[in-house]
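Residue-level listing of the chains:
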Amino acid sequence: MAVPTIELSDGRQIPQLGFGVFKISDDDAVDAVRTAFQVGYRHVDTAAVYGNEEGVGKAIAQSGIPREDLWITTKLGNDRHNDARVAVEESLQKLGLDYVDLYLIHWPLADSGPRNKAWADMQQAQQDGLVESIGVSNFTPDHVRELSDLSRARPVVNQVEVHPTFTNAQVCDFDSDLGIATEAWSPLGQGEDLQNDTIDQIAQRVGKTPAQVVLRWHIQEGRIVIPKSVTPARIKENFEIFDFELSDDELKAIDGLNQDNRLGPNPLEFGN
Ligand code: NAD
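So, here is what we can say about the structure in this document. All figures in this text were calculated on a predicted structure; none of them were measured in a lab.

What about the packing of aromatic side chains?
Two measures describe an aromatic ring pair: the distance that separates the ring centres and the angle between the ring planes.
Right, so step 1: Overall, the coordinates contain six aromatic pairs when judged by the stated rule.
Right, so step 2: Plain terms: the ring middles of F19 and Y41 are 5.5 Å apart, the flat faces sit at 65° to each other, and that makes the pair edge-to-face. Remark: Y41 occurs in the loop between helix 1 (26-39) and strand 4 (43-45) and F19 occurs in strand 3 (residues 19-20); sequence separation between them is 22 residues. Here F19 matches Y41 in class, with each residue buried.
Right, so step 3: A centroid spacing of 4.3 Å and a plane angle of 40° characterise the contact between W107 and F270, whose relative ring orientation is tilted. Of this pair, W107 sits in the loop between strand 6 (100-105) and helix 4 (112-127) while F270 sits in the segment after helix 10 (248-255), placing them 163 residues apart in sequence.
Right, so step 4: Exposure remark for W107: the relative accessible area of 8% places this residue in the buried category.

Some remarks on the pattern of salt bridges
Right, so step 1: This model, assessed by the stated rule, comprises 17 salt bridges.
Right, so step 2: Note that R34 and D31 form a salt bridge whose closest N and O atoms lie 2.8 Å from each other. Of this pair, R34 and D31 both sit in helix 1, separated by three residues, roughly a single helical turn.
Right, so step 3: For R34, a relative accessible area of 34% puts it in the partly exposed group.
Right, so step 4: In this structure D31 comes out as partly exposed when scored by relative accessible area, which is 43%.
Right, so step 5: When the shortest N-O distance is used, the salt bridge between R115 and E146 registers 2.8 Å. Placement of R115 in helix 4 and of E146 in the loop between helix 5 (141-145) and strand 8 (157-161) is noted, with a sequence separation of 31 residues between them.

So, the environment of T182
Right, so step 1: Its location among the elements puts T182 in strand 9 (residues 181-185).
Right, so step 2: Take T182: its relative accessible area is 7%, and that puts it in the buried class.
Right, so step 3: Sequence separation between T182 and C172 is 10 residues; the distance between their C-alpha atoms is 6.2 Å.
Right, so step 4: Here D175 takes part through its side chain, which lies 2.8 Å from a polar atom of the side chain of T182.

Observations regarding the site of the ligand
Right, so step 1: Looking at the ligand, there are 26 residues lining it, with D45, Q159, S186, L188 and N238 nearest.
Right, so step 2: The contact in question runs from an oxygen atom of the ligand to an N or O atom on the side chain of D45, over 2.7 Å.
Right, so step 3: For the ligand, an oxygen atom lies 3.4 Å from a polar atom in the backbone of G189.
Right, so step 4: Taken by itself the ligand offers 840 Å² of open surface, and the protein chains cover 88% of this.
Right, so step 5: Across the shell around the ligand, the residue classes break down as 11 nonpolar, 10 polar and five charged.

Observations concerning the packing of helix 7 (residues 197-206) against helix 10
Right, so step 1: Following both chains from N to C, one finds helix 7 and helix 10 inclined at 160°, their axes separated by 10 Å at the closest point. In terms of their interaxial angle, helix 7 and helix 10 are classed as roughly antiparallel. Of the two elements, helix 7 crosses helix 10, and the hand of that crossing is left-handed. Contacts from T198, I202, R205 and V206 in helix 7 reach E250, A253 and I254 in helix 10.
Right, so step 2: Each residue belonging to the contact of helix 7 with helix 10 can be placed in one class, and the counts come to four nonpolar, one polar and two charged.

Criteria and thresholds
Residues numbered from 1 in each chain as written. Predicted model: local features only at pLDDT ≥ 70, side-chain atom pairs only at ≥ 80, totals over all residues. Heavy atoms only, no water. Phe/Tyr/Trp six-rings, centres within 6.5 Å; stacked < 30°, edge-to-face > 60°. Helix = DSSP H or I, 4+ residues; strand = E, 2+ residues; numbered from the N terminus. Buried < 20%, exposed > 50% of the residue type's maximum accessible area, 1.4 Å probe, protein only. Salt bridge = Lys/Arg side-chain N within 4 Å of Asp/Glu carboxyl O. Polar contact = N/O pair within 3.5 Å; in protein donor to acceptor, adjacent residues only side chain to side chain. Near = heavy atom within 4 Å. Areas by Shrake-Rupley, 256 points an atom, 1.4 Å probe, with all protein chains shown as cover. Nonpolar A, V, L, I, M, F, W, Y, C, P; charged D, E, K, R; others polar. Axes fitted to C-alpha atoms, helices over the stretch in contact; angles between N-to-C directions. Parallel < 35°, antiparallel > 145°, perpendicular 65-115°, else oblique. Left-handed = near helix turned anticlockwise from the far one by under 90°. Contact = heavy atoms within 4.5 Å.

Encoded structure:
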């Protein structure tokens, strides 16, 4: 099953489905990412703060998969906005890589000064070949507008919380108006959104599981998704979403489940 790609505004193609590794220990990440590669994932989403870049790096090294066939994303730690260049180099060392495909500012935090310094340092790291694409995470429209150099260097991705009970439509619409791809974190609502009658009925109709229906909804609405699991059967289940299609009515029914049910921190409050 081939994973479709999305063309980013810098012309690069990102696999629309990736494997998330939040809350997986460094040791467990080796097995989890190995399993994901065996299933067929080629895109992994980690972060400095997850503390598992070394484990992800080991799985990459052991896989024997050509580097150019992989898409590796990592993110800048919140305590490193003033120090992004060194932080990029540290992540590369832990991952055992010469470059990452995508580097994100993990959280905007309150202070735009360090945030803009990080953005400038990331542009330099990109010019120096340490990161291929640069983007942001948990940015509201105002945070994006506050980025210096926005007209010259626009984030290619905004990775934000999106799942059926938190559709985050304002941010997704803003991103799409600016040509920024939205990447959905907690795409399954951390498992909580899967116990839902509407999703259950659709799953029964199309002969798929609730998780597959929710991931397919993201894919058809054009978002990048990075579901996480350490369970091999679920890692495989979450990959098998390219052999069926939801109707427009089914997509709308899932859109209608929104309850502004944010599970993670609010970017306007986090780390301030
Ligand atoms: P998720 O929505 O992917 O949910 C993961 C949980 O759902 C699992 O722990 C498991 O309990 C359950 N699950 C997974 N597959 C299932 C299946 N097939 N059937 C039933 N239950 C299943 O939530 P997440 O891990 O919070 O988010 C995914 C990824 O997003 C993370 O690993 C990380 O890479 C990224 N993320 C980024 C940020 C950010 O600030 N940028 C924040 C949170 C997560």
